[in-house]
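A look at the structure
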Amino acid sequence: MKKLWGGRFTGSAEDWVDEFGASIGFDQELAEQDIEGSIAHAMMLAQSDIISDREADEIIQGLKKLKEKAKNNDLEYSAKLEDIHLNLEHHLTELIGPTGGKLHTARSRNDQVATDMHLYLRAQVEEIIELINEFQKTIIEQAEQNIETIMPGYTHLQRAQPISFAHHLMAYFWMLDRDKQRYSDSFKRINLSPLGAGALAGTTFPIDRYFTAQKLGFEGIYENSLDAVSDRDFILEFLSGSSILMMHLSRLCEEIILWSSQEFQFIELSDAFTTGSSIMPQKKNPDMAELIRGKAGRVYGSLIGLLTVLKGLPLAYNKDMQEDKEGMFDTVKTIKGSLKIFSGMIKTMKVKKETMESSVKNDFSNATELADYLATKGIPFREAHEIVGKLVLECIQKQCYLADLPLEAYKEMNPLFEDDIYEALNPYNAVGRRTSAGGTGFSQVKAQIGKAKELL
Ligand code: ARG
């Protein structure tokens, strides 16, 4: 097969060398974007009288046919032709003859590939934002069912203070909301056109970069042709936003895994998102949560991989940059898959309210209530803390909980204790009273859910 850049060569590489250098194995994912970019470019060439209207028409009709074929997986690609750009140009010329060779006037694969990736990521980020929305809706639905479900809140994975399960779920709603904001914000920078930068220096042809930018729906153009073909910071931004999202998801994974363990028994995942063991018949493993937790690794890997590829690269394009694609494609797939699984998993999980509530009763996570109680009566909080600490110790020695101690035991420790302490110790009241802004008090949780709904 004739190389499209073969003019100055007398020898040729062996097949296995061509294969090593080729990106067609993965960049065929960009076929549609490549054709879209080419159509805009051909229109512009005619508009600027660089090619004739008839030629542009032939090219565009040919490209449209290729688009159909690409959609139906009906195009043959060859590693001999290196990448998607040269493969498509080859097909176009096969289809319409030598006029096909005019398409590449005033263009380089360097601005072409950058354009393709901007178009690709723009569409993917839009889809990802939509999937985050879906997941957030699911979280709200579960939260609404569990406003008054009390569970232990933890610090250091030690029971700390009772909280509403809805409050815990909603914490993830807000993390996802910031993830979404990061994607939306990066959109401004994704939505710029590198097309027309040429190989690096622009072109002598009277092209109109604003025309192609507008045709492709870009908000503006890269102002510097070297910058346009050299940087991949828009992909880095996508990968770093995605890494943060995966970090968030992996924490929820971890909690889901803990909660569905025999030790916690706070939730039960639906059969649809769990698997059995080939040897232990009793097992129901939270595989999907584990897998997503694990997949955070490959997304971080793609981010670090691309940062490392770009580090120290001289301007402008270098072949190293062909390594920008697989991590991006893989991350898109990972993020979309993880978000879809999560929506289903959270929607269908069974919340075991009784276990959650009984674990709050059989522990000391209401100790802060007593310290607050004394502090309200004028005892400095530090002192109150000390007194309650002693009461906890007494309970541990007597093998009981705070609500089991008789009033006399309290009075002995401090005369300010009255019999309303038992109400204060009730975990339901403990949660309900935490009405500071953003707190776990039921009224605050409801207000929070209200705000969340408004946002969606
Ligand atoms: N396949 C190449 C890549 O993905 C396209 C750009 C090639 N440009 C070049 N000057 N060799 O990076």
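In what follows, the structure referred to is the one given above.
Rules behind the numbers
- Residues numbered from 1 in each chain as written.
- Predicted model: local features only at pLDDT ≥ 70, side-chain atom pairs only at ≥ 80, totals over all residues.
- Heavy atoms only, no water.
- Patch = residues over 30% accessible without salt bridge, like charges linked within 9 Å, V, L, I, M, F, W, Y side chains within 5 Å.
- Areas by Shrake-Rupley, 256 points an atom, 1.4 Å probe, with all protein chains shown as cover.
- Salt bridge = Lys/Arg side-chain N within 4 Å of Asp/Glu carboxyl O.
- Helix = DSSP H or I, 4+ residues; strand = E, 2+ residues; numbered from the N terminus.
- Core = buried A, V, L, I, M, F, W, Y, C linked by side-chain atoms within 4.5 Å.
- Buried < 20%, exposed > 50% of the residue type's maximum accessible area, 1.4 Å probe, protein only.
- Contact = heavy atoms within 4.5 Å.
- Phe/Tyr/Trp six-rings, centres within 6.5 Å; stacked < 30°, edge-to-face > 60°.
- Near = heavy atom within 4 Å.
- Polar contact = N/O pair within 3.5 Å; in protein donor to acceptor, adjacent residues only side chain to side chain.
- Nonpolar A, V, L, I, M, F, W, Y, C, P; charged D, E, K, R; others polar.
- Disulfide = S-S within 2.5 Å.
- Pairing = 2+ DSSP bridges.
- Expected span 1.5 Å × (residues − 1).
- Axes fitted to C-alpha atoms, helices over the stretch in contact; angles between N-to-C directions.
- Parallel < 35°, antiparallel > 145°, perpendicular 65-115°, else oblique.
- Left-handed = near helix turned anticlockwise from the far one by under 90°.

1. A word on a nonpolar patch on the surface
- Taken together, the side chains of Leu 200, Leu 226 and Leu 315 define a hydrophobic patch exposed on the protein surface, amounting to about 260 Å² of accessible area.
- Looking at the secondary structure, you find Leu 315 in the loop between helix H11 (287-310) and helix H12 (325-348).

2. Here we look at the nonpolar core
- Core analysis: the largest hydrophobic core is formed by 77 residues, its most contacted members being Leu 121 and Phe 342.
- With residues up to four places along the chain from it excluded, the contact list for Phe 342 reads Phe 135, Leu 249, Leu 252, Cys 253, Ile 256 and Ile 292.
- Counting 25 residues, the second-largest nonpolar core is a separate cluster that includes Ile 24, Ala 31, Ile 60 and Leu 88.

3. Points about the side chain of Asn 133
- Position of Asn 133 among the secondary structure elements: in helix H6 (residues 109-145).
- Accessibility expressed as a relative area gives 15% for Asn 133, which makes it buried.
- Asn 133 has contacts with Lys 180 and Leu 456, leaving out every residue within four places of it along the chain.

4. Digging into the packing of aromatic side chains
- Going through the model one piece at a time under the given rule, you end up with 12 aromatic pairs.
- Taking 5.9 Å as the distance between ring centres and 50 degrees as the angle between the ring planes, the aromatic pair formed by Tyr 154 and Phe 264 counts as tilted. Here the residue Tyr 154 occupies a position in strand E1 (residues 150-155), and Phe 264 occupies one in the loop between helix H10 (233-259) and strand E5 (267-268), the gap between them amounting to 110 residues.
- Aromatic pair Phe 264 and Phe 266: ring centres 5.3 Å apart, planes at 90 degrees, arrangement edge-to-face.

5. Quick look at unusual backbone geometry
- The omega angle of the peptide bond from Leu 315 to Ala 316 is 0 degrees, so this bond is cis rather than trans.
- Relative to the helices and strands, Ala 316 resides in the loop between H11 and H12.
- The residue Asn 73 is not glycine, and still its phi comes out positive at about 55 degrees.
- Of note, Asn 73 is situated in the loop between helix H4 (53-71) and helix H5 (84-96).
- Phi is positive for Glu 82, which is not a glycine, with a value near 65 degrees.
- In this fold, Glu 82 is placed in the loop between H4 and H5.
- Classification of Glu 82 by relative accessible area gives buried; the value is 14%.

6. Topic: the site of the ligand
- Neighbouring residues of the ligand: Ser 23, Asp 83, His 85, Arg 109, Asn 110, Val 113, Tyr 317, Gln 322 and Lys 325.
- For the ligand, a nitrogen atom lies 2.9 Å from a polar atom in the side chain of Asn 110.
- In isolation the ligand exposes 340 Å². Once the protein is present, 86% of that is buried.
- Among the elements that line the shell around the ligand, the one with the most residues is H6, at three residues.
- A breakdown of the residues in the shell around the ligand according to their chemical character gives two nonpolar, four polar and three charged.

7. Concerning the state of the cysteines
- The full count for this structure, using the stated rule, is zero disulfides.
- For Cys 395, which is in no disulfide, the shortest distance to another cysteine sulfur is to Cys 400 and amounts to 4.0 Å.
- Looking at Cys 400, the relative accessible area reads 15%, which means it is buried.

8. Some thoughts on the pairing of E1
- Of the strand pairs in this sheet, E1 and strand E2 (residues 158-164) are connected by six bridges, and their pairing is antiparallel. Note that in E2 the partner of Pro 152 across the bridge is Pro 162.
- The antiparallel hairpin formed by E1 and E2 contains two residues in its connecting segment, where His 156 sits at a positive phi of about 55 degrees.

9. Things to note about helix H3 (residues 31-47)
- Taking 1.5 Å of rise per residue, the 17 residues of H3 would be expected to cover 24 Å, and the 24 Å separating its terminal C-alpha atoms lies within 8% of that figure.
- Among the 17 residues in H3, 13 count as buried, and that is most of the element.
- The first or second residue beyond H3 is Asp 49, which carries a positive phi of 55 degrees.

10. Brief notes about the environment of Leu 405
- By the element assignment, Leu 405 lies in the loop between helix H15 (381-398) and helix H16 (407-413).
- With 87 residues separating them in the primary sequence, Leu 405 and Asn 318 have C-alpha atoms 74 Å apart.
- Those residues in contact with Leu 405 that lie beyond four places of it in its chain are Leu 391, Glu 394, Cys 395, Lys 398, Cys 400, Tyr 410 and Tyr 422.

11. Side note on the pattern of salt bridges
- Taken as a whole and judged by the stated rule, the model has 30 salt bridges.
- Close ionic contact of Asp 179 with Arg 182 constitutes a salt bridge, the shortest N to O distance being 3.2 Å. You can see Asp 179 and its partner Arg 182 sitting in helix H7 (residues 165-190), three residues apart, about one turn around the helix.
- Residue class for Asp 179 comes out buried when judged on its relative accessible area of 1%.
- A residue is classified by how much of its surface remains accessible, and Arg 182, at 33% relative accessible area, is partly exposed.

12. Details of the packing of H6 against H12
- For the pair H6 and H12, interaxial distance at closest approach is 9 Å and the crossing angle is 15 degrees. Between H6 and H12, the interaxial angle falls into the category roughly parallel. Regarding H6 and H12, the two cross each other, and that crossing is left-handed.
- Its residues assigned to classes, the contact of H6 with H12 shows 15 nonpolar, four polar and seven charged.

13. Regarding H6
- For H6, spanning 37 residues, the distance from its first C-alpha to its last is 54 Å, which sits close to the expected 54 Å at 1.5 Å a residue.
- Counted residue by residue, H6 has 27 buried out of 37 residues, so it is predominantly covered.
- N-capping of H6 is provided by Ser 108, with a side-chain oxygen placed 2.8 Å from the backbone N of Asn 110.

14. What to know about the environment of Tyr 154
- The class of Tyr 154 is partly exposed, set by a relative accessible area of 25%.
- Spatially, the C-alpha atoms of Tyr 154 and Ile 132 are 26 Å apart, while their sequence positions differ by 22 residues.
- Discounting residues that sit within four places of it in the chain, Tyr 154 has contacts with Arg 159, Ala 160, Phe 264 and Phe 266.

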